[in-house]
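Close look at the chain arrangement
Below, each chain spelled out in residue letters.
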Amino acid sequence: MKANYLDELNEQQREAVIHINGPIMIVAGAGSGKTKVLTTRIAHLMRNGVDAFNILSLTFTNKAAREMKERVEKILGGSEARNLYIGTFHSVFARLLRAEAHRLGYPNDFTIYDTDDAKSVIKTIINELNLDDKHYKPNFVYNRISAAKNSLMGPEEYQLDHLVQQEDMRANRPLIGKIYDMYAKRTFKNGAMDFDDLLFKMYILLKTFPEVLHKYQHKFKYIMIDEYQDTNPAQYEIIKLLGAVNENICVVGDDAQSIYSFRGATIENILQFEKDYDDVKVVKLEQNYRSTKSILNVANEVIAHNKGQIEKNLWTDNTEGDTIKLVRTMTDNEEGKFVADTISEQKLRNHYDNRDFVILYRTNAQSRSFEESLRRKAIPYRIFGGLSFYQRKEIKDYVAYLRVTMNTRDEESLKRIINYPVRGIGKTTMEKTIVLANEHNITMWQVLERARELGFKGGTVEAIEAFVVMIKSFQALLSTHNAYDVAVAVGKSTNLVKELFNDKTTEGLARYENVQELLNSIKEFTETPDEEGELLDKSMGSYLQQITLLTDADQGTDENSDVVKLMTIHAAKGLEFPVVFTVGLEETLFPSGMSINTREELEEERRLFYVAITRAKARLWLTYANSRYRFGNLVQNEPSRFLEEMPEKFIDRSYAGGGSVRNAFGGGNTSGWSNSNNMFDRMQKKTPGQQPSQPVTQKPAAKPTFSPATTHVPSADFTPDDPAGMEPGMQVEHQKFGFGTIAAMEGAPNNRIATINFPKGGGEKKIMLNYAKLRIIR
DNA sequence: AGCAACGGCGTTTTT
DNA sequence: CGCCGTTGCT
């Protein structure tokens, strides 16, 4: 244990850490050691007698939660940190609701609908109401409903609220309230919650059941909230309820980095915190440890253009560092090329690794030109964002089977699989099923169960009955087998896996691999001890709820993979990189054309720019293109207004990459500047044929966090041994991770957990022996 | 029932 | 431009 953990803090940090009881607000400027303060504070609480079980810490990503736990463990030693309740608002509440949802009439194994699922339900309802989905766009309606829930407004209130109704009338969409009402009823009938429900229903639960509120008020005696500037009213009210008894609430945030108002976050929460409680301790962390003076000065000056912030003065002891480079290119493609070239150059000149670079953009769609240029130069990269692994069709299909197995009320999933793979339950049958379900006021599944009785005939009734029997056989397996075995059985019985296996097209192969990856992730889930709380819930239901909440920031835990990262600025929140490229600094793109109509919107864009700048530790490039393709046609853009807000002193506007040194700002003609024959290109050309025929580029696809780095082919005679005989020092073989050595053993005798070092399987893994299949070598 | 061709639309940002 | 959903054909 580190005895001197307080010595590693500056005065303000220490002040924040040693404050134990009563509300405290930590205003933490960018790079001011916020995470360190949070983790040290948790450790300090525990050192001073607070039980880890009584600490709730809410973070912005699951990855942040995991890291936090590790860091606390490092400070304290031992494994007490395992008992902390750390996670995102959504995942923590999902877990609590898993224990309590029945009180609200939901199954505890409720399904969590992602945005696509939710929009699909909405679209169904719009069609049922005979409304035009061109006018009532599901997307628009979804956002309206989402906003309502985030401000804790239910369907009834929504339809009665004058202001809201006026807005809908003015938008010529008066029936949104009606759709909302039906949507709420439908998802409830489906036993499903969407993302916003995880907050909304949590609030309802605490409001409705005093004994539940009481229970959690006393469980969570100490509450910490990271990124408080990005919380919404629903989150605010829940925290208010949970913290009401002990008032040991610690919020950490930076109003200058509030960038999520589009999903209901309100900066008011942090601005008002001082008024919410008596005697709020306020600590400001103003020393930046991350960036050079140049970077920080530019950031400070940019954000000064916003009005009304919490007063603070962010400063640094770091060196002045390089100037910030401002670069214009002719087109978006040249922008991509410039960035790739510069990365090559910087690697040589300053000995950077790929992992030191990040490319930040405003919209996901901008990634393309950078992908191409990086691929061309064989620079490995990884894109964060875009379509997640779990949104892929083949994965959603597979998961839909698992969901229905867990929760037969889930119609969205049921409709997805009822005739996939084809089993003779076509459109007519499905429609009839829906009609019957409505008529008898039962679920679709119950109609299927009683198909014969309800008048289905011939081949149809046989097909339905076979389907019902199959799903029930999966359900029966749940009590005797772990989630992985059930999933495998599902793949076999449905022919899902075989069907994909027989598809020898490239896409078919990729889909097959993705499904294997899904199975791997389930396997790893069942075998890895739970790091997020005291419950070792390894059930299928727990798995399904968890994967829906995984985000892009959560993956890419493989810190050791040496790749350039590409992501939106939103996704980069909380991260830092030695070298940052912020690209696409053009009017209508950044600031976004959608956000230049009010001062509030524009200020949020500026905060976003501030976040982008402050990600950089040592070097920062800002680029923009004269023209770029948007929606298929070439458009001209002015340079971003933000560029004019930066202090000249720290900016190098003359650095224009391939040629022109003049006139980085002016419009006009720069023809001839793009004959890119700079040194990096030449270097690249010097080694023809030396490039790997297979580019090292990682698959941009988001993969589950828990997938192994390498695949091990098990020995032919692989048979699992009885885990009872396993002890530290033994050599074992794992079907996926390969050969390894048992480093340590812990856990109760009937639930032993081994720490095993797999040299080729991704290093040290914790494995629950009850679930893992291991072969003893010696 | 399954596939090809076509057209329309979209880009903020994400749990 | 590229994706998605719809249409219309077989």
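Residues numbered from 1 in each chain as written. Chains lettered and ligands numbered in written order. Predicted model: local features only at pLDDT ≥ 70, side-chain atom pairs only at ≥ 80, totals over all residues. Heavy atoms only, no water.

Taking an unreviewed UniProt entry as the reference, chain A is identified by name as DNA 3'-5' helicase belonging to Chitinophaga arvensicola.

**Describing the protein's contact with DNA strand B**
Threshold: One heavy atom within 4 Å of a molecule or strand makes the whole residue count as near it. Polar contact is the term for a pair of N or O atoms within 3.5 Å; when the atoms are in protein, one must be able to donate a hydrogen and the other to accept it, and sequence-neighboring residues count only if both atoms are side-chain atoms. Gly is placed with the polar residues, together with every amino acid not listed as nonpolar (Ala, Val, Leu, Ile, Met, Phe, Trp, Tyr, Cys and Pro) or charged (Asp, Glu, Lys and Arg).
Taken together, 22 residues lie near DNA strand B, and Arg-362, Asn-364, Val-422, Thr-551 and Thr-568 sit nearest. Sugar plus phosphate, as a fraction of atoms of DNA strand B within 4 Å of the protein: 44%. Measuring from a base oxygen of DNA strand B, one finds a side-chain N or O atom of Thr-115 at 3.4 Å. In terms of residue class, the surface near DNA strand B is made up of 7 nonpolar, 10 polar and 5 charged.

**Details of the UniProt feature "binding site: ATP" (unreviewed entry) in chain A**
Selection criterion: UniProt positions are given in the numbering used here, feature names are shortened, and annotations may be inferred rather than shown by experiment. Helix and strand definitions follow DSSP, with helices as H or I runs of at least four residues and strands as E runs of at least two, each counted in order from the N terminus. The classification of residues rests on relative accessible area computed with a 1.4 Å probe and restricted to protein chains. Under 20% of the type maximum is buried, over 50% is exposed, and intermediate values are partly exposed.
When the UniProt feature table is mapped to this numbering, "binding site: ATP" (unreviewed entry) covers Ala-28, Gly-29, Ala-30, Gly-31, Ser-32, Gly-33, Lys-34 and Thr-35. Structurally, Gly-29 is set in the loop between strand E1 (24–28) and helix H2 (34–47). Residue classification places Gly-29 among the buried residues on the basis of a relative accessible area of 4%. Tracing the backbone shows Ser-32 in the loop between E1 and H2.

**Re empty space enclosed by the protein**
Note the threshold: Think of a 1 Å grid over just the protein atoms. A cavity is a set of points where a 1.4 Å probe fits yet cannot get out, a pocket is an open set with protein on both sides within 12 Å along at least five of seven lines, and lining residues have an atom within 4 Å of a point. Grid points are joined across faces, edges and corners, and a volume is the space filled by probe spheres set on the points.
Considering all chains together, one arrives at 6 cavities of 30 Å³ or more under this definition. Contributing elements (two or more residues each) for the lining of the second largest cavity: strand E4 (111–113), helix H17 (393–406) and helix H25 (540–549). Residue contributions to the lining of the second largest cavity peak at 4 residues, all from H25. The residue inventory of the lining of the second largest cavity, partitioned by class, reads 4 nonpolar, 4 polar and 2 charged.

**What to know about the sheet that holds strand E2 (residues 55–59)**
Strand pairing in a sheet relies on backbone hydrogen bonds. The paired strands run either parallel or antiparallel. Using the following cut-off: Paired strands are those between which DSSP finds at least two bridges. Whenever a helix is involved, its axis is fitted only over the stretch in contact; in every case the axis is a line through C-alpha atoms, and angles between N-to-C directions fall within 0 to 180 degrees. Throughout, a residue-residue contact means that at least one pair of heavy atoms, one from each residue, lies within 4.5 Å.
One open sheet accounts for 6 strands, arranged E3-E2-E6-E7-E1-E8; its pairing is parallel. The open sheet has two edge strands, strand E3 (85–88) and strand E8 (281–285), and neither has a second partner. Ignoring which end each strand starts from, the neighbouring axes of this sheet average 15 degrees apart. Those strands touched by helix H4 (residues 89–100) are E2, E3 and strand E6 (222–225), and its axis lies near 120 degrees from that of E3. Sheet strands in contact with helix H13 (residues 268–276) are E1, strand E7 (249–253) and E8, and its direction is about 145 degrees off that of E1.

**Concerning the protein's contact with DNA strand C**
Taken together, Lys-123, Arg-368, Phe-631 and Gly-632 are the residues near DNA strand C. In DNA strand C, atoms within 4 Å of the protein come from the sugar-phosphate backbone in 36% of cases.

**Thoughts on the packing of helix H1 (residues 11–18) against H2**
Note the following rule: When describing relative orientation, an angle under 35 degrees is termed roughly parallel and one over 145 degrees roughly antiparallel, while 65 to 115 degrees is termed roughly perpendicular and anything else oblique. Two helices that cross are described as forming a left-handed crossing if the nearer one is turned anticlockwise from the farther one by less than a right angle, and a right-handed crossing if clockwise.
One can describe the packing of H1 onto H2 by two numbers: an axis separation of 8 Å at closest approach and a directional angle of 40 degrees. Taken as axis vectors, H1 and H2 run oblique relative to one another. Along this stretch, H1 crosses H2, giving a crossing that reads as right-handed. Residue-level inspection shows Gln-13, Ala-16, Val-17 and Ile-18 of H1 in contact with H2, the latter providing Val-37, Thr-40, Arg-41 and His-44. Taken together, the residues of the contact of H1 with H2 break down into 4 nonpolar, 3 polar and 1 charged.

**Describing the packing of aromatic side chains**
Note on aromatic pairs: each is described by the distance of the centres and the angle between the planes. Stated precisely, the cut-off is as follows: Pairing of aromatic rings covers Phe, Tyr and Trp, the last through its six-membered ring, and needs centres within 6.5 Å; plane angles under 30 degrees mean stacked, over 60 mean edge-to-face, and all others mean tilted. Only when the NZ of Lys or the CZ of Arg is both within 6 Å of the ring centre and within 35 degrees of the ring normal is a charge said to sit over the ring.
In this structure the tally under the stated criterion is 19 aromatic pairs. In textbook terms, an aromatic cluster arises when at least three aromatic residues are bridged by ring pairs, as seen for Tyr-352, Phe-357, Phe-581 and Trp-621. The ring of Phe-525 has Lys-538 lying over it, and the distance from NZ or CZ to the ring centre is 4.3 Å. Residue placement shows Lys-573 over the ring face of Phe-60; its charged tip is 4.2 Å from the ring centre.

**A closer look at the UniProt feature "domain: UvrD-like helicase ATP-binding" (unreviewed entry) in chain A**
In the numbering used here, UniProt assigns the feature "domain: UvrD-like helicase ATP-binding" (unreviewed entry) to residues 7–292. Span residues 7–292 is 52% helix and 13% strand, its end C-alpha atoms 24 Å apart.

**Concerning unusual backbone geometry**
Residue Tyr-420 is joined to Pro-421 through a cis peptide bond whose omega torsion reads -5 degrees. For the peptide bond that leads from Phe-590 to Pro-591, omega is 10 degrees, which places it in the cis range. As for its position among the elements, Pro-591 is in the loop between strand E15 (577–582) and helix H26 (599–613). The phi dihedral of Asn-441 is positive, around 55 degrees, even though this residue is not glycine. One can find Asn-441 in the loop between helix H19 (427–440) and helix H20 (444–449). The class of Asn-441 is exposed, set by a relative accessible area of 67%. One non-glycine residue with positive phi stands out, namely Thr-588, at about 75 degrees. The residue Thr-588 is located in the loop between E15 and H26 in this model.

**Topic: the environment of Gly-426**
Locating Gly-426 in the fold gives a position in the loop between helix H18 (411–417) and H19. Along the sequence, Gly-426 and Lys-498 sit 72 residues apart, while their C-alpha atoms lie 22 Å from each other.

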